[in-house]
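Notes for the structure review
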Amino acid sequence: MSAKDAPPPLPEPLGVPVADSHTHLDMQSGTVDEALAKAAAVGVETVVQVGCDLKGSRWAAETAAAHANVHAAVALHPNEAPRIVLGDADAWSRQGAREAGGDPALDDALAEIDRLAALPQVRAVGETGLDYFRTGPEGTAAQERSFRAHIEMAKRHGKALVIHDREAHADVLRILAEEGAPERTVFHCYSGDAEMARTCAQAGYFMSFAGNVTFKNAQPLRDALAVAPLDLVLVETDAPFLTPAPYRGRPNAPYLIPLTVRAMAEVRGVDEEAMATAIAVNTARAFDY
């Protein structure tokens, strides 16, 4: 294994335990038990396991049922909806090539997410939203239909809504306003600027910051974190992606959350304990556990 593929070392444990509000354990190496043990050793005692497709959402629900400190979120990722409707000859996702299934296939998939969303260990519907980075204009209708269906589901089941917003800020905010956002709405891997953070704060949306807040080129994210109300701020890994500095490019995992928490505390000018305490309280409130 090259240094680049090697897991980073365990950071100094946090004094106050926190939750990783967004992770993909099914895409990480090692077992769930190993991942949870490493995380717990550094004060990350709870994780939200997020599904991006039917298979991943079923797995999230099963894993949360088996582990008291894992909560599930279930959804069709914004890039998954167009793949179901239009097919995917390039097979860029881990699921391989796809035949076009049209709107009926999307309806069937949404019905299965709806069934999973009713389960008690499923605390959220997500990650859903819009992604204009990966999916072109031909896929926006499917993304939007899927997003609106997930918003309705979250409200009907009384679950949090977890949003994936990539290069689509204005449309995501518009659709949330049109549909009426659920009581608890989380912008996962918050990617807006300070102005958008003020808009989210006014609406009462949670903003979850990932390891990219530590990247040198991420000043707009730090500016957003600086103005976000402390009671609306969460932390996440989005592991195995977005590994915080100084380990950018190496595999991410929930046990690396302390690095991001410390960076966030620095941005806010508060001590680590105050930051961790706020995050712990906010995450429990956002996901109602």
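Summary of the structure given here. Residue numbers run consecutively from 1 along every chain, following the written order of its sequence. Residue-level local features of this predicted model are given only where pLDDT is at least 70; pairs of side-chain atoms are given and counted only at 80 or more, and the full residue set underlies all totals for whole chains, interfaces and linings. Here the side-chain values reflect all heavy atoms present in the structure, with hydrogen atoms and water set aside.

Before going further, it helps to spend a moment on the packing of aromatic side chains. Think of a pair of aromatic rings as described by two things: how far the centres are apart, and how the planes are tilted against each other in angle. Planes of paired rings set the category: under 30 degrees apart is stacked, over 60 is edge-to-face and the rest tilted, where pairs are Phe, Tyr or Trp rings (Trp by its six-membered ring) whose centres lie within 6.5 Å. Under the definition given, this model contains two aromatic pairs. On the numbers, 5.7 Å between centres and 35° between planes, the contact of phenylalanine 187 with tyrosine 205 is tilted. Residue phenylalanine 187 is found in strand β6 (residues 185-187), and its partner tyrosine 205 is found in the loop between α7 (194-203) and β7 (206-209); the two are separated by 18 residues along the sequence. The same class applies to phenylalanine 187 as to tyrosine 205, namely buried. Residues tyrosine 190 and phenylalanine 209 carry aromatic rings whose centres are separated by 5.5 Å and whose planes lie at 50° to one another, so their mutual orientation is tilted. Of the two residues, tyrosine 190 sits in the loop between β6 and α7 while phenylalanine 209 sits in strand β7, which places them 19 residues apart along the sequence. The same class applies to tyrosine 190 as to phenylalanine 209, namely buried. The ring of phenylalanine 133 has arginine 166 sitting right over it, with the charged end atom 3.6 Å from the ring centre. The secondary structure listing takes helices from DSSP runs of H or I that are at least 4 residues long and strands from runs of E that are at least 2 residues long, numbered from the N terminus. Summary of the burial criterion: residues with accessible area below 20% of their type's maximum are buried, those above 50% are exposed, and those between are partly exposed, where the area comes from a 1.4 Å probe applied to protein chains only. By definition here, charges over rings are those cases where NZ of Lys or CZ of Arg is within 6 Å of the ring centre and within 35 degrees of the ring normal.

Here we take up the layout of surface pockets. Site definitions follow a grid-based scheme: protein atoms alone, a 1 Å grid, a 1.4 Å probe that fits but cannot get out for cavities, and for pockets an open set with protein on both sides within 12 Å along at least five of seven lines, plus lining residues having an atom within 4 Å of a point. Grid points are joined across faces, edges and corners, and a volume is the space filled by probe spheres set on the points. There is about 1000 Å³ of room inside the largest pocket. Taken together, 33 residues form the lining of the largest pocket, with His77, Asp131, His164, Arg166 and Asp238 sitting closest to its centre. Of all elements in the fold, only α3 (80-86), β4 (122-131), β5 (160-166) and α8 (219-227) reach the threshold of two or more residues within the lining of the largest pocket. Broken down by element, the lining of the largest pocket gets its largest block of residues, three residues, from β5.

As a rule of thumb, soluble globular proteins bury nonpolar side chains together. Counting 69 residues, the largest nonpolar core has Phe147, Leu176, Phe187, Tyr190 and Met264 as its most contacted members. Of all the elements, helix α4 (residues 102-117) adds the most residues to this core, at six residues. Each residue touching methionine 264, except ones within four places of it in the same chain, is listed here: Phe209, Val213, Leu225, Val233, Leu234, Val235, Met275 and Ile279. Buried Ala, Val, Leu, Ile, Met, Phe, Trp, Tyr and Cys residues that are joined via side-chain atoms within 4.5 Å together make up what is termed a nonpolar core. The next biggest cluster of nonpolar side chains, apart from the first, holds 12 residues, and it includes Val50, Ala124, Ala160 and Phe287. Here, two residues are considered to be in contact whenever any of their heavy atoms come within 4.5 Å of each other.

A few words on the pairing of strand β3 (residues 70-74). Each regular strand shows side chains that alternate between the opposite faces of the sheet. With five of five residues buried, β3 lies mostly within the body of the structure. The alternating pattern of β3 places Val70, Ala72 and Val74 on one face and His71 and Ala73 on the opposite face, and all of these are buried. By definition, the crossover connecting two strands over a helix is right-handed if that path, from the first strand to the second, turns clockwise as seen with the strands pointing away from the viewer. Crossover handedness for the path strand β2 (residues 44-50) to helix α2 (residues 54-66) to β3: right-handed. Pairing between two strands requires that DSSP report at least two bridges joining them. Judged from the three bridges that link them, β3 and β4 form a sheet pairing that is parallel. Each bridged residue has a counterpart across the sheet, and for alanine 73 the counterpart in β4 is alanine 124.

Another aspect to go through is the environment of glycine 211. Following the sequence through the fold, glycine 211 ends up in the loop between β7 and α8. Sequence separation of glycine 211 and methionine 264 is 53 residues, and the distance between their C-alpha atoms is 9.7 Å. For glycine 211, the contacting residues outside a window of four places in its chain are Glu236, Leu242, Pro244 and Thr260.

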